[in-house]
Amino acid sequence: MLSNPPIDPNQAVVIKPSSQFYPGPYQTRVLAVDGARAVLQVPLHQGKVVLLSVGTKLEVTTIDGNRRFLSEVLARNYTDTPTLTISLPAHENQHVKTAKVIAVTSGKGGVGKTGLVINTGIALAQHGLKVFIIDADLGTANVDVLLNIQATYNLRHVVDRQKDILDIVVEGPGGIFLVPGGSGFQSLADMDTTQLQRVINSCKTLEAYADIIMIDTGAGLSKGVINFILAADQVVVVTTTEPHAITDAYAILKVTSEYQPRPRCGLVINRAETAGEARQVGERMAAVVRRFLQMDLDLLGFVPDDPTVSKAIKRQTPHILAFPNAPAAQGMRAISRRLWQPAEPEAGERSFFDRFRDLLTRGKDSHRPPRA
Ligand SMILES: Nc1ncnc2c1ncn2[C@@H]1O[C@H](COP(=O)(O)OP(=O)(O)OP(=O)(O)O)[C@@H](O)[C@H]1O
Ligand SMILES: [Mg+2]
């Protein structure tokens, strides 16, 4: 049996478009609901029809504030009674598309995780995928600054129960959606299980809207980071070609290999001086990981050391948008192609956030294999 759709015919709703010209909010009325779509009366603003184009993203809230969901304009009709056809989220009991969750991490800090998340995220969004970025580098979260977004709310407000996760999502450049982390806020490492669970339960809501969820975990091996890594569909470890960054990347892979089931791990080499150097580092690391950890490492690609990266950061614009033909942007696009393989859940397989919840409640050691 299907659960009820989130809105009903004749109901008053408020829509908040992500549109430069028509930011809203506007009140309007539902005319019809049909499966995954609803038809709304086109709202008026100061007596004029609000001209929203197909593809405009909307936040829809029922007038009583009880239901809120993200939606998109699928069609519009400005003849006779002007109407908008919008998408409805999947019903709770329907098969909800599981997003592929990619956790991006590193041993050493400052090696290029955040840059990778932002730029490959945009490359994937440019292919029409719905990409959400979760800035889980709490405490020193900075994705909003790098994207030049003034985020009013962040995960702190979700942890404190002041806001719903959909209230804090902001649209970023290049069509990505950001869940801001909040800096000066307690780090993931310091969160207790209840707080982490609150974050996870909230983030789960996003799975119904996303094709890909990329998580910037921050560096290091706190319990929060480990749980993100273990529950992800794909872990991406970032390193530069410097020996201490490589050693720290190996340490992350070693810890990951001690848990069962092992997540799929990939490696990105950042700031390589040449393709040859990147290949050498990648192949050596894959060989060591295979030999000592009995684990396969996907070599996802490399990004050259490129001055456009820092130039773009100073402009607070992702380099893939500011310098799309530069070597760094080309590297990001190549990596994004290797990252995109849809999650193919087997029947009954649990999603990332369900797995994360299990890990939290089972405790740290229960998923370790017995050591010989
Ligand atoms: N391919 C590159 N070429 C040149 N400079 C780069 C490149 N990648 C990253 N950098 C530089 O390294 C800095 C750190 O990058 P980034 O913030 O993405 O790393 P991070 O791993 O997220 O760091 P943290 O651990 O502090 O969160 C950037 O500000 C930029 O100046
Ligand atoms: Mg970072």
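Residues numbered from 1 in each chain as written. Chains lettered and ligands numbered in written order. Predicted model: local features only at pLDDT ≥ 70, side-chain atom pairs only at ≥ 80, totals over all residues.

Asker: Can you help me understand the overall build of the chain in this one?
Answerer: Looking only at helices and strands, one finds twelve helices and 16 strands in the chain. Counting all 372 residues of the chain, 42% fall into the buried class. A separation threshold of at least 6 residues defines the contact pool for the chain, and within that pool the share at least 24 residues apart is 71%. (Helix = DSSP H or I, 4+ residues; strand = E, 2+ residues; numbered from the N terminus. Buried ≥ 20, exposed ≤ 12 C-beta atoms within 10 Å, placed from the backbone. Contact = placed C-beta atoms within 7 Å.)

Asker: Any chance you could explain the pairing of strand β16 (residues 297–304) here in plain terms?
Answerer: Sheet faces and side chains relate simply in a regular strand, where the side chains alternate between the two faces. Pairing of strand β15 (residues 264–272) with β16, which is carried by seven bridges, proceeds in the parallel orientation. The residue bridging Val268 from the neighbouring strand is Gly301, located in β16. This β-α-β element, β15 to helix α8 (residues 275–293) to β16, shows right-handed connectivity. (Pairing = 2+ DSSP bridges. Right-handed = clockwise from strand over helix to strand, strands pointing away.)

Asker: What should I look at first to understand the site of ligand 1 in this one?
Answerer: Taken together, 20 residues form the shell around ligand 1, and within it Gly109, Gly112, Lys113, Thr114 and Gly115 come nearest. Across the shell around ligand 1, the residue classes tally to six nonpolar, nine polar and five charged. (Near = placed C-beta within 6 Å. Nonpolar A, V, L, I, M, F, W, Y, C, P; charged D, E, K, R; others polar.)

Asker: Sorry, what's going on with the sheet that holds strand β3 (residues 37–41) here?
Answerer: The strands making up a sheet are joined through hydrogen bonds of the backbone, oriented either antiparallel or parallel. Read once around its circumference, the closed barrel built from six strands follows the order β1-β2-β3-β8-β7-β6, with strand pairing classed as antiparallel. The sheet shows a mean angle of 45 degrees between the axes of neighbouring strands, taken without regard to direction. Strand direction decides the pairing type here: strand β6 (residues 57–62) and strand β7 (residues 68–77), joined by five bridges, are antiparallel. In the sheet register, Val60 faces β7, and the bridge partner there is Phe69. (Axes fitted to C-alpha atoms, helices over the stretch in contact; angles between N-to-C directions.)

Asker: Hey, could you run me through unusual backbone geometry in this one?
Answerer: Leaving glycine aside, a negative phi is the common case for residues, and trans is the common case for peptide bonds. Residue Pro25 follows Gly24 across a cis peptide bond; omega there is 0 degrees. Within the fold, Pro25 resides in the loop between β1 (12–17) and β2 (26–34). The omega torsion of the bond from Gln260 to Pro261 falls at -5 degrees, within 30 degrees of zero and hence cis. Within the fold, Pro261 resides in the loop between α7 (243–257) and β15. In the Ramachandran plot, Arg271 falls in the positive-phi region, its phi being about 60 degrees despite a non-glycine side chain. Turning to its location among the elements, Arg271 is positioned in strand β15. By C-beta crowding, Arg271 is classed as buried, having 22 other C-beta atoms within 10 Å. The backbone of Gln316 shows a phi angle near 55 degrees, a positive value even though the residue is not glycine.

Asker: What's the story with helix α11 (residues 327–339) in this structure? I'm lost.
Answerer: Along an α-helix, residues three or four apart share an orientation, since each turn contains 3.6 residues. Compared with an ideal rise of 1.5 Å per residue, which puts 13 residues at 18 Å, α11 spans 18 Å between its outermost C-alpha atoms and is within 8% of the ideal. Here the buried face of α11 lies against β9 (100–106), α1 (113–125), β15, β16, α9 (307–314) and α10 (319–322). (Expected span 1.5 Å × (residues − 1).)

Asker: Explain the nonpolar core here, please?
Answerer: Note on soluble globular proteins: their nonpolar side chains tend to be buried together. Ile102, Val131, Ile133, Ile213 and Ile215 are the most contacted members of the largest nonpolar core, which totals 99 residues. It is α1 that contributes the most residues to this core, seven residues altogether. Shared between two domains, this core takes at least three residues from each, and those domains are domain 1 (12–87) and domain 2 (100–361). (Core = buried A, V, L, I, M, F, W, Y, C linked by C-beta atoms within 7 Å. Domains from an automatic or database assignment.)

Asker: It is not clear to me how the pairing of β1 should be interpreted in this structure. Could you clarify?
Answerer: Of the two faces of β1, the one holding Val13, Ile15 and Pro17 is buried and the one holding Ala12, Val14 and Lys16 is not buried anywhere. Inspection of the sheet shows β1 paired to β2 by four bridges, in the antiparallel sense. Pairing of Val14 across the sheet is with Gln27, part of β2. Relative to β6, β1 is paired through five bridges, and the arrangement is antiparallel.

Asker: Help me out: how do you make sense of the environment of Pro304 in this one?
Answerer: Take Pro304: it is sitting in strand β16. With 26 residues separating them along the chain, Pro304 and Ala278 place their C-alpha atoms 8.5 Å apart.

Asker: What is the right way to look at the sheet that holds β16 in this model?
Answerer: Read across the open sheet, the eight strands follow the order β11-β12-β10-β13-β9-β14-β15-β16; overall the sheet is mixed. With one partner strand each, in any of the chains shown, β11 (170–171) and β16 form the two edges of the open sheet. Pairing analysis gives two bridges linking β11 to strand β12 (residues 177–179), with the strands arranged antiparallel. What sits directly across from Val170, in β12, is Leu178.

Asker: It is not clear to me how the confidence of the model for the chain should be interpreted in this structure. Could you clarify?
Answerer: Reading predicted coordinates in detail is not appropriate for stretches of low pLDDT. Mean pLDDT over the chain works out to 85, with 87% of the residues at or above the 70 mark. Averaged pLDDT values for the elements of the chain fall to 67 in helix α12 (residues 352–362) and rise to 98 in α10. (pLDDT = per-residue confidence, 0-100.)

Asker: Explain helix α5 (residues 193–204) to me, please; I cannot follow it from the model alone.
Answerer: An ideal rise of 1.5 Å per residue puts 16 Å on twelve residues; α5 measures up with 16 Å between its terminal C-alpha atoms. Among the residues of α5, Leu196, Val199, Ile200, Ser202 and Cys203 are the ones counted as buried. Here the buried residues of α5 occupy an arc of 165 degrees about the axis, which is enough to place them on one side. (Arc of directions from axis to C-beta.)

Asker: For this particular structure, what's the right way to read the environment of Gln195?
Answerer: Among the structural elements, Gln195 can be located in helix α5. Residues Gln195 and Val158, spaced 37 residues apart in sequence, show a C-alpha to C-alpha distance of 9.4 Å.

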